[in-house]
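An overview of the molecular structure
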Amino acid sequence: MVEAQSWTTRRMSNPRFDAAATAAPVVVDIPGTPPHSSASSTGKAFFLSSPNVSPAVLTAAIIAAWFGSNIGVLLLNKYLLFYYGFRYPIFLTMTHMLSCAAYSSAVINIAGIVPRQHILSRRQFFKILSLSAIFCLSVVCGNTSLRYIPVSFNQAIGATTPFFTAVFSFLITCKTESTEVYLALLPVVSGIVLASNSEPSFHLFGFLICVASTAGRALKSVVQGIILTSESEKLHSMNLLLYMAPMAACILLPFTLYIEGNVLRVLIEKARTDPLIIFLLAGNATVAYLVNLTNFLVTKHTSALTLQVLGNGKAAVAAGVSVLIFRNPVTVMGIAGFGVTIMGVVLYSEARKRSKLLNQK
């Protein structure tokens, strides 16, 4: 296991940085592309359909970029907030949101990947604002959890999102699933119980706050399906990110000032002695946006189901890579528990697909 090093021992600089802080990869949980929304056919985004690249090669490159950005932002967050010693996860999350807002504006207004959609009413604005608030709560909880538990365990807990989605769907909308779907959730829960009991670095508060983060992510998806039901209010995933990102940044700003009030002063002091921190923050924020962009591209060139399958695989790959790089201890039972959870998620996805087909008949 790689021991955490303080800023003083690693960089011989400002001791205010606490090497104990880590953060989860910040990913805006955006919905799949609505059926009525499609990418612009004006040719502005030529890289999406280059005639010189075969569709198979282009799809493979997009999937590789998706894996690279998802795992890359995780590793960058881990390095920046744990080994580099930058202990301001809320501020880091806010830079991600500002980056998403800036890049989304350029991609939509200049590159024209998707048509620009506008917020049509004050009611729609407050609906999107409420989604942004739930999203911020989920991210902050996730960032906080990784101060106490390893990345691999965080990924295992995050894989239980379908369980919380089913719970909130029933509690809020009284929507019930088939018996097969509920049975598929049993390995999802039992796997994480097994992993928790055998986790060498288990921390109760870190575990609970990570569960809260996972529940928040599921709550957002359920609430989004409720409040953005009107065809006139539905937004393309990239447009939703365009509006949610600046709202999320505004929500995070007062928390940053209250909890991490000295971040700007310390950041300026750091930049004077080590300009690398500026490049790390800028690169980290850029990769955070690429996660969302590649989510859209994978869905566009394959399907939403493919993205879901890749998400299941990403959790396992990210956990494995983090263990290899950061050397946090794991046990055979912990790995088995994670595997059971992933298997349950796959079974849940298949059961839901069959249930939808039966309902359509």
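Residues numbered from 1 in each chain as written. Predicted model: local features only at pLDDT ≥ 70, side-chain atom pairs only at ≥ 80, totals over all residues. Heavy atoms only, no water.

1. Concerning the packing of aromatic side chains
- In the structure shown here, the tally under the stated rule is ten aromatic pairs.
- Taking 5.4 Å as the distance between ring centres and 80 degrees as the angle between the ring planes, the aromatic pair formed by Phe125 and Phe126 counts as edge-to-face.
- With a relative accessible area of 47%, Phe126 lands in the partly exposed category.
- For the pair Phe163 and Phe164, a centre-to-centre distance of 5.2 Å together with 75 degrees between the ring planes defines the contact as edge-to-face.
- Residue Phe163 is classed as partly exposed on the basis of its relative accessible area of 29%.
- Within the aromatic cluster, the residues linked to one another by ring pairs are Phe86, Tyr88 and Phe91.
- Directly above the ring of Phe326 sits Lys78, whose terminal nitrogen or CZ lies 5.4 Å from the centroid. (Phe/Tyr/Trp six-rings, centres within 6.5 Å; stacked < 30°, edge-to-face > 60°. Buried < 20%, exposed > 50% of the residue type's maximum accessible area, 1.4 Å probe, protein only. Lys NZ or Arg CZ within 6 Å of the ring centre and 35° of its normal.)

2. Remarks on the environment of Ala318
- Considering the arrangement of structural elements, one finds Ala318 in helix H12 (residues 304-326).
- With 167 residues separating them along the chain, Ala318 and Val151 place their C-alpha atoms 8.4 Å apart.
- With residues near it in sequence (within four places) discarded, Ala318 still touches Ile71, Leu74 and Gln155. (Helix = DSSP H or I, 4+ residues; strand = E, 2+ residues; numbered from the N terminus. Contact = heavy atoms within 4.5 Å.)

3. A closer look at the environment of Arg352
- For Arg352, the position within the fold is in helix H13 (residues 332-360).
- Separated by 175 residues in the primary sequence, Arg352 and Glu177 have C-alpha atoms spaced 8.0 Å apart.
- With residues near it in sequence (within four places) discarded, Arg352 still touches Lys175, Glu177 and Val181.

4. A few points about the UniProt feature "transmembrane region" (unreviewed entry) in the protein
- In this structure's numbering, the residues bearing the UniProt feature "transmembrane region" (unreviewed entry) are residues 56-76, 88-113, 125-146, 152-172, 179-196, 240-257, 277-298 and 332-351.
- Helix makes up 95% of residues 125-146 and strand makes up 0%, while its end C-alpha atoms are separated by 32 Å.
- The span residues 179-196 is 100% helix and 0% strand, and its two end C-alpha atoms sit 27 Å from each other. (UniProt positions renumbered as here; feature names shortened; annotations may be inferred.)

5. Examining unusual backbone geometry
- Positive phi, close to 60 degrees, is recorded for Cys174, a residue that is not glycine.
- Locating Cys174 in the fold gives a position in the loop between helix H6 (161-173) and helix H7 (179-197).
- For Arg327, which is not glycine, the phi dihedral falls at a positive 60 degrees.
- Tracing the chain through its elements places Arg327 in the loop between H12 and H13.
- Note on Arg327: relative accessible area 48%, which makes it partly exposed.

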